Amino acid sequence: MRKKWVMAVAVLACTAFATWVAVAAAAPEKKAATKVTLQLKWVTQAQFAGYYAALEKGYYDKAGLDVTIKVGGPSITPETVVAGKRAEFGIDWLPNLFATREKGSNLVSIAQVFARSGMTELTWRDTGINTIKKMQGKKVGVWCCGNEPELFAALNKNGIDPKNSSDVTIVNQPFDMQLFLKRQVDAAAAMTYNELAQVLETKNPKTGKLYTMKDLNVFKMSDPKVGTGMLEDNVFVRDDWIADKANQETAVKFLKASFQGWIYCRDHMAECVNFVLKNGSLLGKGHQTWMMNEINAITWPSPRGIGLPPPGAVAQTAKIARTYGVIKSLPKGATNYAYAAKAVAQLKKEKVNVTGASWKKATVKVTVGGK
């Protein structure tokens, strides 16, 4: 009996092993994730929340991508990183890409995430500098290294040559608002989502209370009265990289997952703020909450779908850049939104809201020091 029992067990074991082998052989081998790197324009902050959301929510992973996000900084130029093959994808302002391509780079914009400009120039209301024209003869701050085009265009439009020190003194502004707060410049560059909040998060030493919008003149580049707003954060790659069919598929996957991240941040602002803080933001929760709200405001609504620029916006950016000396002419092949269009089409097919037509800006309370 014992011999029969042992033989029966052996037969069962063999049968089970054979079944496992058959199942294993039939199961498709899991494909290794495609590794890609994204180079940000600046440090970790809500300006890039959609990409962090795509990482945290598993959208990249689901798309079969292993994405590394590299932070930027004052000494990092995203175009140089991507052109040097140290990243597949980069984020920067569109006129900068135009200027870089005109100089011979092989970079191409494949998605336009921000639908409108977030750049402003600030003055103190009590100075009486209440127009761009009144900046003539003044000390005007702006960040270097590719962040100047919108302001320089606004100055040129008002008869002020930024390259002529007799017209205006251009000050290389640090990446904070201390020169402005100490009144060491008459005007200072400020993004709606960042430096403007830094001023409002600061106490007026004369009153002990936070500064308010009533203390400031805010010149938005996107305001028709200024009229030099250009498209900012776009996603770009190398021409030779995107020429490969496999990379084209990777690009669509990357854009789709990234767009899902931005859509998530549109609908879950507080959670996306936490994603940013988790990934090493140097600025506090209050500041990042302000930023997330303002980033949503320049992203949504997106009339054609996120990643696809509003009608005429690219031409307007090129015209302003050309008119005011940023570029001589729009370089051929500088944009290709076919991959963004495919990503949007896939999301639409999945019944995802890609336009955010009903999105409403939230009211965010300013906190001392952005804490």
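Just above, that's the structure.
Residues numbered from 1 in each chain as written. Predicted model: local features only at pLDDT ≥ 70, side-chain atom pairs only at ≥ 80, totals over all residues. Heavy atoms only, no water.

**Student:** Teacher, can you tell me more about the overall build of the protein here?
**Tutor:** Across its full length, the protein holds 14 helices and ten strands. Overall, the C-alpha framework of the protein stretches about 105 × 50 × 40 Å when taken along its three principal axes. The buried share of the protein, reckoned over its 371 residues, is 50%. When the accessible area of the protein is evaluated, it comes to approximately 18,000 Å², of which 56% is carbon and sulfur surface. Here the protein carries 50 positive and 30 negative side-chain charges, and the mean point of each set is 5 Å from the other. (Helix = DSSP H or I, 4+ residues; strand = E, 2+ residues; numbered from the N terminus. Buried < 20%, exposed > 50% of the residue type's maximum accessible area, 1.4 Å probe, protein only. Areas by Shrake-Rupley, 256 points an atom, 1.4 Å probe, with all protein chains shown as cover. Lys, Arg positive; Asp, Glu negative; His and termini not counted. Charge placed at Lys NZ, Arg CZ, Asp CG, Glu CD.)

**Student:** Which parts of the structure should I look at to understand the sheet that holds strand β8 (residues 188-191)?
**Tutor:** The pairing of strands in a sheet happens through backbone hydrogen bonds and is either parallel or antiparallel. One open sheet holds the three strands; their spatial order is β8-β5-β9, and the pairing between them is antiparallel. The two strands at the open ends of the sheet, each matched to only one other strand, are β8 and β9 (216-220). On average, adjacent strands in this sheet sit at an angle of 35° to one another, irrespective of strand direction. Pairing of strand β5 (residues 119-124) with β9 involves five bridges; the strand directions are antiparallel. When the bridges of β9 are listed, E121 appears paired with F219. (Pairing = 2+ DSSP bridges. Axes fitted to C-alpha atoms, helices over the stretch in contact; angles between N-to-C directions.)

**Student:** In this structure, what is going on with helix α13 (residues 313-323)? I would like to understand it.
**Tutor:** Residue pairs three or four apart in sequence face the same way in an α-helix, which turns once every 3.6 residues. Residues A313, V314, T317, A318, I320 and A321 constitute the buried set of α13. Along the axis of α13, the buried residues cluster in a sector spanning 165°; they form a single face. Counted as exposed and oriented over 90 degrees from the buried face of α13: A315 and K319. Against the buried residues of α13 lie α5 (94-102) and α6 (149-157). Immediately beyond the C-terminal end of α13, within one or two residues, lies G325, with a positive phi of roughly 85°. (Arc of directions from axis to C-beta. Contact = heavy atoms within 4.5 Å.)

**Student:** What's the story with the state of the cysteines in this structure? I'm lost.
**Tutor:** Two cysteines, two sulfur atoms, one covalent bond between them: this is a disulfide. What the rule picks out here adds up to one disulfide. Through a disulfide, C265 is tied to C272; the S-S separation comes to 2.2 Å. Taking the torsion about the S-S bond as the criterion, the C265 to C272 disulfide, at about -90°, is left-handed. Look at C265 and you get buried, because its relative accessible area is 0%. Using a relative accessible area of 0% as the deciding quantity, one classes C272 as buried. (Disulfide = S-S within 2.5 Å.)

**Student:** Teacher, can you tell me more about the packing of helix α10 (residues 245-267) against helix α14 (residues 338-349) here?
**Tutor:** Each pair of packed helices can be described by the angle between their axes along with the distance between the axes. The contact between α10 and α14 brings their axes to 8 Å, and the two run at 55°. Put simply, α10 runs oblique to α14. Once α10 is placed against α14, the crossing between them reads as right-handed. Only Y339, A340, K342, A343, V344, Q346 and L347 of α14 make contact with α10, whose side of the interface consists of Q248, V252, L255, K256, F259, Q260 and I263. (Parallel < 35°, antiparallel > 145°, perpendicular 65-115°, else oblique. Left-handed = near helix turned anticlockwise from the far one by under 90°.)

**Student:** Quick question: what am I supposed to make of the packing of α10 against helix α12 (residues 285-299) here?
**Tutor:** Remark: α10 packs on α12, axes separated minimally by 10 Å, with the N-to-C direction vectors making an angle of 115°. Relative to α12, α10 is oriented so that their crossing is left-handed. Taken together, the residues of α12 that come into contact with α10 (itself represented by W262, C265 and R266) are M292, I295 and N296. By residue class, the composition of the contact of α10 with α12 is four nonpolar, one polar and one charged. (Nonpolar A, V, L, I, M, F, W, Y, C, P; charged D, E, K, R; others polar.)

**Student:** Explanation requested: the nonpolar core in the structure shown.
**Tutor:** One recurring pattern in soluble globular proteins: nonpolar side chains tend to sit buried together. Within the largest apolar cluster, 116 residues are counted, with the highest numbers of intra-cluster contacts made by Y51, F89, V235, F254, L255 and M292. A per-element tally of this core places α10 first, with ten residues. The contact partners of F89, leaving out residues within four places of it in the chain, are V36, T37, L38, Q39, V82, I110, V235, F236, V237, W241, A251 and F254. (Core = buried A, V, L, I, M, F, W, Y, C linked by side-chain atoms within 4.5 Å.)

**Student:** Just checking my understanding: could you explain the pairing of strand β1 (residues 34-39) for this structure?
**Tutor:** Every other side chain in a regular strand lies on the same face of the sheet, so the side chains alternate between the two faces. In this structure, β1 lies alongside strand β2 (residues 65-70), joined through six bridges in parallel fashion. By the bridge assignment, K35 is partnered in β2 with D66. With two bridges joining them, β1 and strand β3 (residues 89-93) adopt parallel strand pairing. Bridged to Q39 within β3 is G90.

**Student:** I keep staring at the pattern of salt bridges and nothing clicks. Help me out?
**Tutor:** Oppositely charged side chains are able to pair whenever their charged atoms sit close together. Scanning the model with the defined rule gives eight salt bridges in all. With a closest N to O distance of 2.9 Å, R101 and D239 form a salt bridge. Highlighted residues: R101 in helix α5 and D239 in helix α9 (residues 239-242), separated in sequence by 138 residues. The exposure class of R101 is buried, given its relative accessible area of 13%. Relative accessible area serves as the criterion here: at 28%, D239 is assigned to the partly exposed category. For E350, the salt bridge identified is with K256, shortest N-O distance 2.5 Å. (Salt bridge = Lys/Arg side-chain N within 4 Å of Asp/Glu carboxyl O.)

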